[in-house]
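# Summary of structural features
If you want the building blocks of each chain, they are given just below.
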Amino acid sequence: MNASQIAEKIRERFPRAEEIRRADNLPAETLSVRVAAAEILDVCRFLRFELKFDYLSFVTAVDWKGQVGDESFTHDDPWALAGVKTQPAGEAEAGPMPIAKRGQAAPGLYHDVFEMVYHLYSYETGAKLFLKTEISRENPQVDSVATLWPTANWHERETYDFFGIKFLGHPDLRRILLPWEWDKEEGKWPLRKDYIHKRDIYD
Amino acid sequence: MLELADIFSMIYEFAKEQAALYGISPRVVNIGRMVVITGMVTGLVSLLPIFLVWMERKVSAHIQSRLGPMRVGFHGALQTIADGIKLFLKEDIVPREADRWVHRLAPLVVVVPTIMAFAIVPFGSRLIPVDLNIGILYFLSVSSLGVVGIIMAGWGSNNKYTLLGGLRSAAQIVSYEIPRALSILPVVMLAGSLQMSAIVSAQELKWFGILPKWFIFYFPVGPIAFLIFLTASIAECNRTPFDLPEAESELVAGFSTEYSGLKFAFFFLAEFANMFLGCAIATALFLGGGSGPVLPSTFWFLAKTLFLVFLFMLIRWTVPRLRVDRLMTFNWKVLLPWCFVNIFLASLVVLGSIS
Amino acid sequence: MTEALKTEEMTLNLGPQHPSTHGVLRVILKLDGEVITSADPDMGYLHRGIEKLAEARDYTQIIVLTDRMDYVSSMLNNFAYCLAVEKLSGPQAKPPERAEYIRVLVAELQRIASHLLFFGTYGIDIGALTPFLYAFREREMILDLFEMVCGARLTVSYFRIGGVYNDLPPGFLEKVQDFCGWMKGRFPEYQDLLSDNVIFKDRTKNIGILNKEKAIAFGVSGPNLRATGFKYDIRKNEPYSVYDKLEFDVPVGTTGDCWDRYHVRFEEMRQSVKITEQCIEKLRALPTGPGTTLAKMPKILKPPAGDAYGHVESSRGDLGFYLVSDGTEIPHRMKTRRPSFVNLGILPELLKGWKVADVIAILGSIDIVLGEVDC
């Protein structure tokens, strides 16, 4: 089953799904399909059981909030080398972090959403698929697919850990790589583009 | 041929003559002799591990395609002494909630039975410190006392995991004493006596002038008994492949974890002395003790014992570990039945030779 | 005293510092007597924020970061990352043929080195302390080869976008040939030492059995998956680079127990030697010269906006990099799909019902590297 057939089948069941094509309107190397966030669990169920996508490679999120300002970063602060603006505890809120970039980003790319990306593969048919959906940044939440693919359990924990996205129906949503105590504080989601690091005991 | 025993008896005679000159009764000289022998045995047991530890390190290094200690002394010969000095200088820590006297006495209770058991080891012809007529029985009973020390060490450290490790170790040692004792029984039956010198002298003759009458060559009883005794001895010394109670310091601490400095050195000493003891007894029982051509018997005894020690080390560094439950299964379901079979066969041999 | 020994659930902490956890990993075990009722791995002790760091570096600088993820097989990390960036950049970044063969050669040598490390450390976990030193003697030879090629032993940073950093030094191929000959002689030795050893088999056969359905459901990949009997290898099923031109077998196990996982890796070493020898042949025949080891790439690479996923069959499994480009020279997002992280997810399932004494054997057989788990 090649990419266009899969895209057809998905669009039959879920008319709002759209295939993401490249800038020159050619099909992408790996099929990418965008669906609405509300339908994500149904789409996944369809993909898992009817299209036989039995291998979930990873679940992740991409923060499409763009950079604001283009001050170049200084090299004397190790946090700045990472591109993370820090603020010693107690000081007033600083602005979002600056990254010096040469060249302009492609127009129209940055918008205020999280994009969830699921990479699926079928051992039976050899088909590959990127499933994408967009969720808001203010109150990010999406259905968990851990019941369909047990491997998603840890991938979703990792995404929650880094972005703060709540997975509804996840059996055990807690931080996985970063310290568990960080949940008691506000806003410690490091991979967000507007993350400002408050220096803590680990610094 | 000059035997060590001759030298010692010459010294003893000389001492008696001198004492007679000074009016000291020979009984006093005898007591003095016993004190000197005890001192020599204790000294031997304390100094032997220095050599054995160096040997272990060198043997393991060469098995592992590396060199081992090379700097301290010629090819690292003084390394153990350096390590011993280091251990002596370490701070002696006793855990706060621990039972102090239990904790303090445990190393002694582990070491002393081992030293005591050396009393009946035949270091050569006529060179047994005490030639008890129940020699081998004395060895079995005294070496069992060391288990108490291990349990004391486990308990006295106030550590749940040390206790479990110590209990596991003790269970293993106690279980493996049974095949060890039962495998000696055929030898005793063949030799007709429990006395160590009698067992050794029963192996002095030769078949057809070539093959020595060592008990290991008494097919099929001898080799089976030898292998069972050796395997059980490895388990007694808590060495690989039977060292999960210790090496389970991966998960559960071994019994000697809370010890530092001199007390830890005692445990270490006890392990190596125990290993030498097991090999020495095996030599005496199965390999003919000090029998051998030309050279003095002490030399042959040491050569055979050290060969067995080398075998222990070879096995340790080649073979992985058995799991605790597999270890127990091996003991009760494999070694023990073979012990009984062996005793039966030995009785057949003895009956056959009588009739 | 008896209260503590009654069968109530005891929590045992297999702490972060530990001789057998292959790195800083904490596993919180709940025991009912000797039997494990639940296991909860707690990781993150080696988390260095590589994904965040990648958002402030350009594409070539990130190669240095990727080395340090699975530090035991850094060539393979580089490989996966460069594949992803080359997919992102388009056909202009396709490496020339000589570069492809060099990439495969060093990648397979790295696979042998990684599996040798597994072989040695798994032996130590089970209690055999000697094979470790033999394995490291061979690994030293491989690391010396890497030093010849790129100057570094562990974190190589040898690959570049569009090829490799430099060509092979003279005399290198002969040395690799010698090494392959030496290695082939070692396999029967290792088989005797560990694979055929009765005690080793006793401790690993029928322990920690993983079946195929569970493995796929949990996203397990690499030798762990092949040990369950499922023959899937990215080099064969989704060939990348020049693997479709090379001949090799894919070893599979039968029952999915610890011994099978060990055995699959052992056999993979043999296959890697086979691949290495084929690469040596090909490299002798290919011409050298400027332009044969690196494609013509712009000084500052600015891939077009879009995303790409490049993955390889690493020594631990399916290692992939998902890169999102926004048209600048710094990626917008780099997601690392790490096989050790995903494979570790099977540990809670795998440990249930086994005894405490088997934990080390099972954990060792999954073969994780904490640098990759924590990223």
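Along every chain, residues carry numbers that run from 1 in the direction the sequence is written. Key to labels: chains lettered from A, ligands numbered from 1, both in the order written. A pLDDT threshold of at least 70 governs which residues receive local features in this predicted model, and a stricter bar of 80 or more applies before side-chain atom pairs are shown or counted, although totals over entire chains, interfaces and linings include all residues. By convention in this description, side-chain values take in all heavy atoms of the structure and omit both hydrogens and water.

## Here's the deal with the interface of chain C and chain A
Throughout, a contact is declared for two residues whenever any of their heavy atoms are within 4.5 Å. Taken together, the contact between chain C and chain A spans 51 residues of the former and 53 residues of the latter. Buried area between chain C and chain A, both sides added, is near 4,200 Å², and the carbon and sulfur share of it is 59%. Two parts lose some accessible area (1.4 Å probe) when they are put together, and adding that loss for both gives the buried area. Looking at the side of chain C facing chain A, the largest losses of area belong to Lys52, His332 and Phe341 of chain C, adding up to 15% of the total buried there. Here, a salt bridge means any side-chain nitrogen of Lys or Arg that lies within 4 Å of a carboxyl oxygen of Asp or Glu. Taken together, the links from chain C to chain A amount to 6 salt bridges. Of the charged contacts in the structure, one is a salt bridge between Asp40 of chain C and Arg174 of chain A, with a shortest N-O distance of 3.1 Å. In this description a helix means any DSSP run of H or I spanning at least four residues, a strand means any run of E spanning at least two, and both kinds are numbered starting from the N terminus. Among the elements that take part in the side of chain C that touches chain A, strand β7 (residues 318-325) of chain C stands out by supplying 4 residues, more than any other. Considering only residue class, the side of chain C that touches chain A consists of 22 nonpolar, 9 polar and 20 charged. Each residue gets one label: Ala, Val, Leu, Ile, Met, Phe, Trp, Tyr, Cys and Pro are nonpolar, Asp, Glu, Lys and Arg are charged, and the others, such as Gly, are polar.

## Here's the deal with helix α4 (residues 100-117) of chain B
The periodicity of an α-helix, 3.6 residues per turn, causes residues three or four positions apart to be oriented the same way. All names here are of chain B. Helix span, expected: 1.5 Å multiplied by one less than the number of residues in the helix. Compared with an ideal rise of 1.5 Å per residue, which puts 18 residues at 26 Å, α4 spans 27 Å between its outermost C-alpha atoms and is within 8% of the ideal. Taken as a whole, α4 carries its principal kink of about 30° at Ala106; the proline Pro107 stands between one and four residues after it. Considered for burial, the residues of α4 that qualify are His103, Ala106, Pro107, Val110, Val111, Pro113, Thr114, Ile115 and Ala117. In this fold, the buried residues of α4 make contact with α2 (26-63), α5 (135-143), α6 (146-156) and α11 (262-286). Two axes are fitted around each residue, one to the seven residues ending there and one to the seven starting there, and the angle between them is reported as the bend at that residue. Each residue is placed in one exposure class: buried if its accessible area under a 1.4 Å probe, protein chains only, is under 20% of its type's maximum, exposed if it is over 50%, and partly exposed if it falls in between.

## Examining the interface of chain B and chain C
In this complex, chain B contributes 25 residues to the contact, which on the side of chain C involves 31 residues. A combined buried area of about 2,400 Å² lies between chain B and chain C, and 62% of that area is made up of carbon and sulfur atoms. As a salt-bridge pair, Glu34 of chain C and Arg168 of chain B come within 2.4 Å of each other at their nearest N and O atoms. By the criterion applied in these results, polar contacts are pairs of N or O atoms within 3.5 Å in which, for protein atoms, one can donate a hydrogen and the other can accept it, and in which residues neighboring in sequence qualify only through two side-chain atoms. Counting across the chain B and chain C interface gives 7 residue pairs in polar contact (both at pLDDT 80 or more). Of all elements in the fold, only α7 (160-191), α12 (297-318) and α13 (324-354) of chain B reach the threshold of two or more residues within the side of chain B that touches chain C. Ranked by the residues each element gives to the side of chain B that touches chain C, the list is headed by α7 of chain B, at 5 residues. A breakdown of the residues in the side of chain B that touches chain C according to their chemical character gives 12 nonpolar, 4 polar and 9 charged.

## A look at a nonpolar patch on the surface
Residue and element names in this part refer to chain B. On the surface, Leu2, Leu4, Ile7, Phe8, Met10, Ile11, Val36 and Met40 cluster together to form a nonpolar patch covering roughly 730 Å² of accessible area. In terms of residues, the nonpolar patch owes the most to one element, helix α1 (residues 4-22), which gives 5 residues. Note that Leu2 resides in the segment before α1. To count toward a patch, a residue needs a relative accessible area above 30% and no salt bridge. Like charges then connect within 9 Å, nonpolar side chains (Val, Leu, Ile, Met, Phe, Trp, Tyr) within 5 Å. Areas reported here follow the Shrake-Rupley algorithm with a probe of radius 1.4 Å; residue values treat only the protein chains shown as occluding.

## Digging into the sheet that holds strand β8 (residues 333-337) of chain C
Residue and element names in this part refer to chain C. Note on pairing: DSSP must find at least two bridges between two strands before they are called paired. Strand order in the open sheet formed by 3 strands is β6-β7-β8, and the pairing between neighbours is antiparallel. What marks the edges here is a single partner per strand, and that holds for β6 (306-313) and β8. Strand-to-strand twist in this sheet, taken as the mean axis angle between neighbours without regard to direction, amounts to 10°. Both β6 and β7 contribute to a ladder of 8 bridges, which runs antiparallel. In the sheet register, Asp307 faces β7, and the bridge partner there is Val324. The convention used is that axes are lines fitted to C-alpha atoms, helices contributing only their stretch in contact, and that angles between N-to-C directions extend from 0 to 180 degrees. Across the face of the sheet, helix α4 (residues 74-89) comes into contact with β6, β7 and β8 while running at roughly 150° to β6.

## A short note on the environment of Glu91 of chain B
Residue and element names in this part refer to chain B. Positionally, Glu91 belongs in the loop between α3 (79-88) and α4. The exposure class of Glu91 is exposed, given its relative accessible area of 60%. In this structure, the C-alpha to C-alpha distance between Glu91 and Gly261, residues 170 residues apart in sequence, is 6.2 Å.

## What to know about the side chain of Glu86 of chain C
All names here are of chain C. Relative to the helices and strands, Glu86 is located in helix α4. Residue classification places Glu86 among the buried residues on the basis of a relative accessible area of 8%. Within the structure, the side chain of Glu86 is placed 2.7 Å from the side chain of Arg103, a separation counted as a polar contact. Those residues within four positions of Glu86 in sequence are excluded, and the remaining contacts are Ala93, Pro95, Arg103, Arg160, Ile161, Gly162 and Gly163.

## Comments concerning the confidence of the model for chain C
pLDDT measures the predictor's confidence residue by residue and takes values from 0 up to 100. Summing up the model confidence of chain C, the mean pLDDT is 91 and the portion of residues at 70 or higher is 98%. With a pTM of 0.88, the predicted complex shows an ipTM of 0.92.

## Some points on the nonpolar core
In terms of nonpolar packing, the biggest core is built from 255 residues, with Ile10 of chain A, Ile281 of chain B together with Tyr81 and Tyr158 of chain C touching the most fellow members. Look past the residues within four positions of Ile281 of chain B in its chain and what remains in contact with it is Ile120, Val121, Ile136, Phe139, Met196 and Phe229 of chain B. Counting residues in each nonpolar core, the second largest holds 10 residues, with Val62, Val113 and Phe130 of chain A together with Val324 of chain C among its members. The definition of a nonpolar core used throughout is a set of buried Ala, Val, Leu, Ile, Met, Phe, Trp, Tyr and Cys residues joined through side-chain atoms within 4.5 Å.

## Thoughts on the arrangement of the chains
Contacts are most numerous, across the 2 pairs of chains in contact, for chains A and C. There is a clear gap between chain A and chain B: no contact, and 24 Å between their nearest C-alpha atoms.

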